[in-house]
Amino acid sequence: MGSLPVPPFLARVEELRARLAELESLGTTQAREEAVAVKEALEEEVRRVTANLTPWQKCLLARHPERPYTLDYIRGLFTDWVELHGDRRFADDPAIVAGFARLDGESVAIVGHQKGRDTKERLYRNFGQPKPEGYRKALRVMELAAKFGRPIVCFVDTPGAYPGIDAEERGQAEAIAYNLRAMAMLEVPIVVVITGEGGSGGALAIAVGNRVLMMEHAIYSVISPEGCAAILWKDQSAVQQAAEALKLTATDLLRFRVVDEVVPEPLGGAHMAPQLAIRTVGQAIRKHLHELSRLKPKELIQRRYQRFRALGVFAER
């Protein structure tokens, strides 16, 4: 499978999870009895580990390879999913999925980053790092949604836009900038959910929404802690200090009003109970879409504009 390494602070948790899965698969009376004890030990360890997570540990949790990705949310919340491919200019980018589906019978457009579960899929999805054609595909679908008056739901989970030479040659910065401007002017409700990593412009390019929600253990930042440490401290060992300075946790960003709501996760993180996490996200999306559906198109644009203009505002005494 080519699984990603588990952070050291989660080593005991993952060991207990593996043991519990093994016991549950056996199905014997003795195994079931032992499974009860292991489950109790697992819950206790999870509570201990997550009681006071540092910003860097939050980063590692946000990157957990078993967290739900966009296609998991689509399968768990929506029906009649039809994926659209290509930007009609260069190619299709598998790092972004985009298309239409139904939520409670109502048609919506869905755009989101997609990472991979194993080595082959991670390479295919480029580790969730989109190229310009991915952002242009996303905007093509969003503009189609606006044309027919369909709300847009965006799932954000990327370490950042792909920084390769080929992406730069095809206008990576321009594609991101164009999306920011175009999304600001769409006359339909836009709800954004940051489900894992919200990395820089690669995330923001599909995150200009009327409401921006953030999962409890997700992160959202202008740069990764590793990149920040390399630039400011010239030392990769400063990642923990960088993560603290960046104020990238959901709690920090809610306080700064960068996000509008923090969506709670199951004990230990979304990967511990993916279906529960997906249902919780679905409830939040429904609530905000319902509230936004009452607004007229011009109001949606004006409030979206005001929301982003208010970021970074401060008062001097």
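Criteria and thresholds
Residues numbered from 1 in each chain as written. Predicted model: local features only at pLDDT ≥ 70, side-chain atom pairs only at ≥ 80, totals over all residues. Heavy atoms only, no water. UniProt positions renumbered as here; feature names shortened; annotations may be inferred. Helix = DSSP H or I, 4+ residues; strand = E, 2+ residues; numbered from the N terminus. Rg over C-alpha atoms; globule rule 2.2 N^0.38 Å. Buried < 20%, exposed > 50% of the residue type's maximum accessible area, 1.4 Å probe, protein only. Contact = heavy atoms within 4.5 Å. Lys, Arg positive; Asp, Glu negative; His and termini not counted. Charge placed at Lys NZ, Arg CZ, Asp CG, Glu CD. Axes fitted to C-alpha atoms, helices over the stretch in contact; angles between N-to-C directions. Parallel < 35°, antiparallel > 145°, perpendicular 65-115°, else oblique. Phe/Tyr/Trp six-rings, centres within 6.5 Å; stacked < 30°, edge-to-face > 60°. Lys NZ or Arg CZ within 6 Å of the ring centre and 35° of its normal. Salt bridge = Lys/Arg side-chain N within 4 Å of Asp/Glu carboxyl O. Polar contact = N/O pair within 3.5 Å; in protein donor to acceptor, adjacent residues only side chain to side chain.

- The name given to the chain in an unreviewed UniProt entry is Acetyl-coenzyme A carboxylase carboxyl transferase subunit alpha, and the organism recorded there is Thermoanaerobaculum aquaticum.
- The UniProt entry for the chain carries this comment under Subunit (unreviewed entry): "Acetyl-CoA carboxylase is a heterohexamer composed of biotin carboxyl carrier protein (AccB), biotin carboxylase (AccC) and two subunits each of ACCase subunit alpha (AccA) and ACCase subunit beta (AccD)."
- Regarding the chain, the UniProt comment filed under Function (unreviewed entry) reads as follows: "Component of the acetyl coenzyme A carboxylase (ACC) complex. First, biotin carboxylase catalyzes the carboxylation of biotin on its carrier protein (BCCP) and then the CO(2) group is transferred by the carboxyltransferase to acetyl-CoA to form malonyl-CoA."

## So, the overall build of the chain
Right, on to step 1. Of the regular secondary structure elements, the chain holds 14 helices and eight strands.
Right, on to step 2. Relative to its length of 317 residues, the chain is compact, with a C-alpha radius of gyration of 20 Å against a globular reference of 20 Å.
Right, on to step 3. The principal-axis extents of the C-alpha atoms in the chain amount to approximately 60 × 50 × 45 Å.
Right, on to step 4. For the chain, with 317 residues in total, the buried portion stands at 52%.
Right, on to step 5. If you take every contact in the chain between residues at least 6 apart in sequence, the share linking residues at least 24 apart comes to 72%.
Right, on to step 6. Computed over 43 positive and 41 negative side-chain charges, the inter-centroid distance for the chain is 6 Å.

## Thoughts on the packing of helix H10 (residues 225–233) against helix H11 (residues 239–246)
Right, on to step 1. Close contact between H10 and H11 brings their axes to 8 Å; oriented N to C, the two are set at 105 degrees. Compared by their axis directions, H10 and H11 come out roughly perpendicular. Contact residues: Pro225, Glu226, Cys228, Ala229 and Trp233 in H10; Val239, Gln241, Ala242, Ala243, Ala245 and Leu246 in H11.

## Structural notes on the packing of aromatic side chains
Right, on to step 1. Following the criterion strictly, the structure yields one aromatic pair and no others.
Right, on to step 2. Here the basic side chain of arginine 117 rests over the ring of tyrosine 69, its NZ or CZ set 3.9 Å away from the ring centre.
Right, on to step 3. Stacked on the ring of phenylalanine 256, the Lys or Arg arginine 255 has its end atom at 5.0 Å from the ring centre.

## Things to note about the side chain of aspartate 93
Right, on to step 1. On the secondary structure map, aspartate 93 appears in the loop between strand S1 (79–84) and strand S2 (96–103).
Right, on to step 2. Buried within the structure, aspartate 93 lacks any salt-bridge partner; its nearest side chain of opposite charge belongs to lysine 137, at an N-O separation of 6.2 Å.
Right, on to step 3. Within the local environment of aspartate 93, its side chain forms a polar contact with the backbone nitrogen of alanine 95, the two atoms lying 3.0 Å apart.
Right, on to step 4. Once you skip the residues sitting within four places of it in the chain, aspartate 93 turns out to touch Pro130, Lys131, Glu133, Gly134 and Lys137.

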